[in-house]
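Descriptive analysis of the structure
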Amino acid sequence: MTTQDLGIAMIGHAFMGAAHSQAWRVAPRFFDLPLRPVMSVLAGRDADRTAAAADRLGWAEAVTDWKAVLDRDDVHVVDICTPGDTHAEIAIAALDAGKHVLCEKPMANSVDEAAAMAEAAARAAQRGVRAMVGFSYRRVPALGLARDLVAQGRLGRIHHVRAQYLQDWIVDPAAPLSWRLDKDKAGSGALGDIGAHIVDATQFILGDTISEVMGTLVTFVPERPLATSHSGLSGTASDETGPVTVDDAALFLARFAGGALGSFEATRFANGRKNALRIEVNGSAGSLAFDFEDMNVLQFFDGAEDSSVAGFRRIMVTEPEHPYVGAWWPAGHGLGYEHAFTHQAVDLVRAIAEGADPAPTFADGLQVQRVLAAVEASAESRTWQQL
């Protein structure tokens with residue numbers, strides 16, 4: 001019995017395109033999947049660059065018109081790795097064409113766009129077509145274990161959530177403008193690009209949603225050199241300058257529906273912090289803490305232990321019993337950034353085969369978008385905003 005092919009078309013081929021390509025290549029080689037992902041076609045704007053990316057990343061074909069992939073019988077999934085201003089148009093068109101969709105985060109640039117995408121996903125689900133948002137960090141095994149501990153009641157009633165996402169890649173004022181610093185293309189700055197991740201990750205761990213926020217946004221460098229070229233998160237600067245139209249840093253307080261109090265920080269100006277996604281959760285019976293810069297470790301405090309020996313326990317989340325880990329290496333051999341994207345692809349393929357909605361759904365993505373919009377409104381009004 002042969003495994004049925006699942007043709008993938010990916011739109012966009014930069015930083016996230018490379019990460020998603022790695023996932024599609026690796027997933028069927030390490031995980032037993034009910035459908036076999038086939039990297040059928042890559043779509044991009046520039047013919048030469050797209051063809052070179054397809055060859056480098058392992059795609060069978062390259063095209064310059066993303067709409068053309070929607071009519072192809074060998075395409076079953078559309079994977080969207082483009083800037084946020086294109087997400088809604090591509091996702092809605094793909095879903096209406098009967099294609100499953102994986103869309104990078106944040107799902108959209110506005111609540112209205114996200115709502116339209118969620119409505120399209122709901123319509124498509126009635127025809128067996130699935131949609132998922134690419135919040136990859138919830139697929140890190142240590143965060144999966146954190147969610148399990150909370151769900152098991154090991155932390156008791158949750159009181160506090162502290163979340164940070166700290167980077168420093170634009171701390172230099174001479175770093176050139178990119179689409180991530182343009183509100184028309186990105187929707188927001190640190191708030192949406194990395195703040196969205198900690199919103200989703202904390203809600204995932206708690207199994208709860210944010211219901212109210214109060215925040216502030218800051219742009220430290222309001223003007224930067226225009227870029228002559230880009231590579232990943234970096235680029236080459238020209239002599240001309242242009243305005244930064246998004247936030248460089250976001251801070252906000254949050255109340256969760258279940259009663260927990262949260263504090264959130266997202267910045268690209270934390271000099272020396274490269275990719276420090278940090279989460280700590282405190283409950284009536286225990287606590288946990290995670291830092292992505294030590295991503296194979298979860299710190300856990302059990303409040304039931306005798307006080308003479310109690311303390312945070314350093315759990316190496318590298319055992320076969322831990323989420324996803326059994327498909328990889330012998331115990332004690334760590335995973336990396338790219339593995340979360342592989343787990344994401346695995347979960348999507350399995351959900352499609354099972355006829356189930358993969359998580360996070362577009363409805364989940366819409367809820368995160370509402371949090372981001374509420375933070376922006378709070379920063380403007382300097383008041384608490386309910387979702």
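Not measured: the values here are computed from a predicted model. (Residues numbered from 1 in each chain as written. Predicted model: local features only at pLDDT ≥ 70, side-chain atom pairs only at ≥ 80, totals over all residues. Heavy atoms only, no water.)

1. Considering the packing of aromatic side chains
This is how the line gets drawn: Ring pairs shown here join Phe, Tyr and Trp side chains whose ring centres sit within 6.5 Å, with only the six-membered ring taken for Trp; geometry is labelled stacked below 30 degrees between planes, edge-to-face above 60, and tilted in between. The helix and strand labels rest on DSSP assignments: H or I over at least four residues marks a helix, E over at least two residues marks a strand, and numbering proceeds from the N terminus. Here the term buried applies to any residue with accessible area under 20% of the maximum for its type, exposed to any over 50%, and partly exposed to those in between, with areas from a 1.4 Å probe on protein chains only. Criterion for a charge above a ring: Lys NZ or Arg CZ within 6 Å of the ring centre, and within 35 degrees of the ring normal.
Enumeration over the complete set of coordinates arrives at 14 aromatic pairs. When the ring of F292 is compared with that of Y337, the centres are 6.2 Å apart and the planes differ by 80 degrees; the resulting orientation is edge-to-face. Here Y337 lies in helix α8 (residues 337–354) and F292 lies in the loop between β14 (286–291) and β15 (297–302), a separation of 45 residues in the sequence. A residue is classified by how much of its surface remains accessible, and F292, at 9% relative accessible area, is buried. With relative accessibility at 27%, the residue Y337 sits in the partly exposed group. Through a chain of ring-to-ring contacts, the aromatic side chains of F15, Y137, Y165, F292, Y337 and F341 assemble into a single cluster. Directly above the ring of W384 sits R255, whose terminal nitrogen or CZ lies 4.0 Å from the centroid.

2. Observations concerning the pairing of strand β6 (residues 131–134)
For clarity, the cut-off: What makes two strands pair is DSSP finding at least two bridges between them. Seen with its strands pointing away from the viewer, a crossover is right-handed when the path leading from the first strand over the helix to the second is clockwise.
The side-chain alternation of β6 yields two buried faces, one formed by A131 and V133 and the other by M132 and G134. Bridge count for strand β5 (residues 100–104) against β6 is four bridges, and the pairing is parallel. Within the sheet, the bridge partner assigned to E104 lies in β6 and is G134. Handedness of the β-α-β unit built from β5, helix α4 (residues 111–125) and β6 comes out right-handed.

3. Quick look at the pairing of strand β8 (residues 210–218)
Across eight bridges, β8 lies against strand β11 (residues 249–256) in antiparallel orientation. From the neighbouring strand, T216 faces β11, where its bridge partner is L251. In terms of strand pairing, β8 meets strand β17 (residues 385–386) through two bridges, oriented antiparallel. Following the sheet pairing, V213 is matched in β17 by Q385.

4. Description of the sheet that holds strand β2 (residues 35–43)
With parallel pairing, the six strands of this open sheet are ordered in space as β3-β2-β1-β4-β5-β6. Each having just a single partner strand, β3 (62–63) and β6 make up the two edges of the open sheet.

5. Some points on the UniProt feature "domain: Gfo/Idh/MocA-like oxidoreductase N-terminal" (unreviewed entry) in the protein chain
Selection criterion: UniProt positions are given in the numbering used here, feature names are shortened, and annotations may be inferred rather than shown by experiment.
The positions that UniProt labels "domain: Gfo/Idh/MocA-like oxidoreductase N-terminal" (unreviewed entry) are, in the present scheme, residues 7–134. When the span residues 7–134 is considered, its composition is 41% helix and 23% strand, and the gap between its end C-alpha atoms is 18 Å.

6. Here we look at the packing of α4 against helix α9 (residues 362–381)
Under the convention used in this document: Note on geometry: axes are C-alpha line fits, over the in-contact stretch for helices, and angles between N-to-C directions span 0 to 180 degrees. Note on terminology: angles under 35 degrees are roughly parallel, angles over 145 are roughly antiparallel, angles of 65 to 115 are roughly perpendicular, and the others are oblique. Residue contacts follow a heavy-atom distance rule, with two residues in contact if any of their heavy atoms lie within 4.5 Å. Each residue is assigned to one of three groups, with Ala, Val, Leu, Ile, Met, Phe, Trp, Tyr, Cys and Pro labelled nonpolar, Asp, Glu, Lys and Arg labelled charged, and all others, Gly among them, labelled polar.
With their axes 9 Å apart at the nearest point, α4 and α9 run at an angle of 170 degrees to one another. Here α4 lies roughly antiparallel to α9, going by the angle between them. Together, V111, A114, A115, M117, A118 and A121 of α4 and F362, A363, L366, Q369, R370 and A373 of α9 make up the contact between the two elements. By residue class, the composition of the contact of α4 with α9 is ten nonpolar, one polar and one charged.

7. Brief notes about the domain arrangement of the protein chain
Basically, it comes down to this: These domain boundaries are the output of an automatic or database domain assignment. Here's the idea: put two parts together, see how much 1.4 Å probe accessible area each one loses, and the total over both is what we call buried area. Every case where a carboxyl oxygen of Asp or Glu lies within 4 Å of a side-chain nitrogen of Lys or Arg is listed as a salt bridge.
As far as domains go, the protein chain holds domain 1 (5–136) and domain 2 (140–386). Using C-alpha coordinates to define each centre, domain 1 is positioned 23 Å away from domain 2. Taken together, the contact pairs 48 residues of domain 1 with 49 residues of domain 2. Approximately 4,100 Å² of surface area, both sides summed, lies buried where domain 1 meets domain 2, with 74% of it carried by carbon and sulfur atoms. Three residues stand out in domain 1 for area buried against domain 2, namely F31, M132 and F135, and they jointly supply 19% of the buried area on that side. Here domain 1 is connected to domain 2 by two salt bridges.

8. Details of the layout of surface pockets
Heads up, the rule is: Buriedness for pockets is judged along seven lines, at least five of which must meet protein on both sides within 12 Å for an open set on the 1 Å grid over protein atoms alone, while cavities are sets there where a 1.4 Å probe fits but cannot get out, and lining residues have an atom within 4 Å of a point. Grid points are joined across faces, edges and corners, and a volume is the space filled by probe spheres set on the points.
Taken as a whole, the second largest pocket spans an internal volume of roughly 330 Å³. Of all elements in the fold, only α5 (141–151), α7 (190–206) and α9 reach the threshold of two or more residues within the lining of the second largest pocket.

9. Considerations on the packing of α7 against α9
Basically, it comes down to this: The crossing is said to be left-handed when, going from far helix to near helix, the turn is anticlockwise and less than a right angle, and right-handed when the turn is clockwise.
Taken N-terminus to C-terminus, the directions of α7 and α9 make an angle of 125 degrees; their axes are 10 Å apart at the nearest point. In terms of their interaxial angle, α7 and α9 are classed as oblique. As for the relative orientation of α7 and α9, their crossing is right-handed in sense. On the side of α7, the interface is formed by L191, G192, A196, V199, D200 and Q203, while α9 contributes Q367, V368, V371, L372, V375 and E376. Among the residues making up the contact of α7 with α9, the classes are represented as seven nonpolar, three polar and two charged.

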